[in-house]
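Report on the structure
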Amino acid sequence: MRLLTDLAFGGLAARRVEIRCDSRNAKSRAVAKRCGFELEGVLRNDYLGVDGHPRDSCVYSRIAG
C-alpha cells in the first residue's frame, strides 16, 4: 500500500488517494490507518455482499502534501 501511495503522489502527481473497504473488514481498516489514511466516513448500504445482503463501506483517504 505504501509503494502504491508513493507512486500515486510522486509519479502520477495525484492530489488524493482513497481506500474503500467493507466496514467489517478489520484487517483492511488497520492497513489504511497504518499507512496514514484518515477515515472520512461510512457509506451505509453501499453495495451488496456475495450473500445478497447490503454492506457498508468505509472510505479512507490521504491528501498530497
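I will try to describe carefully the structure that is included in this document. On a predicted model such as this, the values are computed, not experimentally measured, just so you know. Sequence positions are assigned chain by chain, starting from 1 and proceeding in written order. Local features in this predicted model are restricted to residues of pLDDT 70 or higher, and side-chain atom pairs are both shown and tallied only at a pLDDT of 80 or more, whereas totals for entire chains, interfaces and linings draw on every residue. Side-chain numbers here rest on the full set of heavy atoms in the structure, without hydrogens or water.

Quick word on the side chain of serine 61
Under the scheme used here, helices are H or I runs from DSSP no shorter than 4 residues and strands are E runs no shorter than 2 residues, and both carry numbers assigned from the N terminus. Considering the arrangement of structural elements, one finds serine 61 in strand β3 (residues 54–63). N or O atoms within 3.5 Å of each other form a polar contact, as long as, within protein, one can give a hydrogen and the other can take it, and as long as residues adjacent in sequence are counted only when both atoms are side-chain atoms. In this structure the side chain of serine 61 is engaged in a polar contact, spanning 2.7 Å, whose partner is the side chain of glutamate 40. Non-local contacts of serine 61, meaning those with residues more than four positions away in its chain, are made with Arg16, Val17, Glu18, Phe37, Glu38 and Glu40. Contacts are residue-level and defined by heavy atoms, with any inter-residue pair within 4.5 Å sufficient.

Structural notes on the packing of aromatic side chains
The pairing test for Phe, Tyr and Trp rings, Trp by its six-membered ring, is centres within 6.5 Å, and the orientation test on the planes gives stacked under 30 degrees, edge-to-face over 60, and tilted for anything in between. Per the counting criterion, the structure on display carries zero aromatic pairs. Charge-over-ring placement is defined geometrically: NZ (Lys) or CZ (Arg) within 6 Å of the ring centre, and within 35 degrees of the ring normal. Between arginine 62 and the ring centre of phenylalanine 37, over which it is positioned, the NZ or CZ distance is 5.8 Å.

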